[in-house]
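In case you want the letters, here they are:
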Amino acid sequence: QVQLVESGGGLVQAGGSLRLSCTASLITPYAMGWFRQAPGLEREFVAGISWSARTTLYADSVKDRFTISRDLAKSTVYLQMNSLKPEDTAVYYCAARLIDVVTTSSLYPYWGQGTQVTVSS
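Residues numbered from 1 in each chain as written. Predicted model: local features only at pLDDT ≥ 70, side-chain atom pairs only at ≥ 80, totals over all residues. Heavy atoms only, no water.

### Observations regarding the nonpolar core
Thought 1: Counting 28 residues, the largest nonpolar core has Met-32, Trp-34, Val-46, Phe-66, Leu-79, Met-81 and Tyr-92 as its most contacted members.
Thought 2: Breaking this core down by element, the ones donating at least two residues are strand S3 (18–24), strand S4 (30–37), strand S5 (44–49), strand S7 (66–71), strand S8 (76–81), strand S9 (90–98) and strand S11 (115–120).
Thought 3: By size, the runner-up hydrophobic cluster in this structure holds seven residues, among which are Ala-31, Phe-35, Val-102 and Tyr-108. (Core = buried A, V, L, I, M, F, W, Y, C linked by side-chain atoms within 4.5 Å. Buried < 20%, exposed > 50% of the residue type's maximum accessible area, 1.4 Å probe, protein only. Helix = DSSP H or I, 4+ residues; strand = E, 2+ residues; numbered from the N terminus.)

### A word on the environment of Leu-98
Thought 1: Tracing the backbone through its elements, the reader meets Leu-98 in strand S9.
Thought 2: Distance in space between the C-alpha atoms of Leu-98 and Tyr-108 is 8.5 Å, their sequence separation being 10 residues.
Thought 3: The residues touching Leu-98, leaving out its near neighbours within four places in the chain, are Thr-28, Pro-29, Tyr-30 and Ala-31. (Contact = heavy atoms within 4.5 Å.)

### Thoughts on the packing of aromatic side chains
Thought 1: A complete count under the given rule lists six aromatic pairs for this structure.
Thought 2: Ring plane angle 75 degrees and centroid distance 5.6 Å describe the contact between Phe-35 and Phe-45, whose orientation is recorded as edge-to-face. Here Phe-45 lies in strand S5 and Phe-35 lies in strand S4, a separation of 10 residues in the sequence.
Thought 3: Note on Phe-45: relative accessible area 12%, which makes it buried.
Thought 4: Both rings, one in Phe-35 and one in Trp-111, keep their centres 5.1 Å apart while their planes meet at 50 degrees; by these two values the pair is tilted. Separated by 76 residues along the polypeptide, Phe-35 in strand S4 and Trp-111 in strand S10 (residues 110–111) bring together distant segments of the chain.
Thought 5: By relative accessible area, Trp-111 is classed as partly exposed at 26%.
Thought 6: These aromatic residues form a ring-pair network of at least three members: Phe-35, Phe-45, Tyr-93, Tyr-108 and Trp-111.
Thought 7: Lying across the ring of Trp-111, Arg-43 places its NZ or CZ 4.7 Å from the centre.
Thought 8: The lysine or arginine in question, Arg-97, covers the ring of Tyr-108, its NZ or CZ lying 6.0 Å from the ring centre. (Phe/Tyr/Trp six-rings, centres within 6.5 Å; stacked < 30°, edge-to-face > 60°. Lys NZ or Arg CZ within 6 Å of the ring centre and 35° of its normal.)

### Focus: the environment of Thr-115
Thought 1: Structurally, Thr-115 can be placed in strand S11.
Thought 2: Sequence-wise, Thr-115 and Glu-44 are 71 residues apart; in three dimensions their C-alpha atoms are separated by 15 Å.
Thought 3: Discounting residues that sit within four places of it in the chain, Thr-115 has contacts with Glu-6, Gly-8, Gly-9, Leu-20, Ala-90, Val-91 and Tyr-92.
Thought 4: There is a polar contact of 3.3 Å between the side chain of Thr-115 and the backbone nitrogen of Gly-9. (Polar contact = N/O pair within 3.5 Å; in protein donor to acceptor, adjacent residues only side chain to side chain.)

This is how it looks when you write it as structure tokens:
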């Protein structure tokens, strides 16, 4: 049973920072992605990282503000979110798939339960 457990969400003022964490029970090489879904909107890709961490991908809306990283020893992926904006408010999900990182949510078979991020203006 694959488990992904997210943490680190919360309420922050615009301009502030949060760091999300996702710990996975997977053993085989896997890529991780962060997605988010705001009320009434479709789930969208935020950032992704390959198993080796040589490849990172970002949505244009978060580039230069968010940073994805991973600690293989801890089986954990982080999403550092700086300069947060009210439009970043959403439920954030981490997802995993074997090896290659991609931006399409349907290609990720494993998902966490989500963590709420709320940015007040």
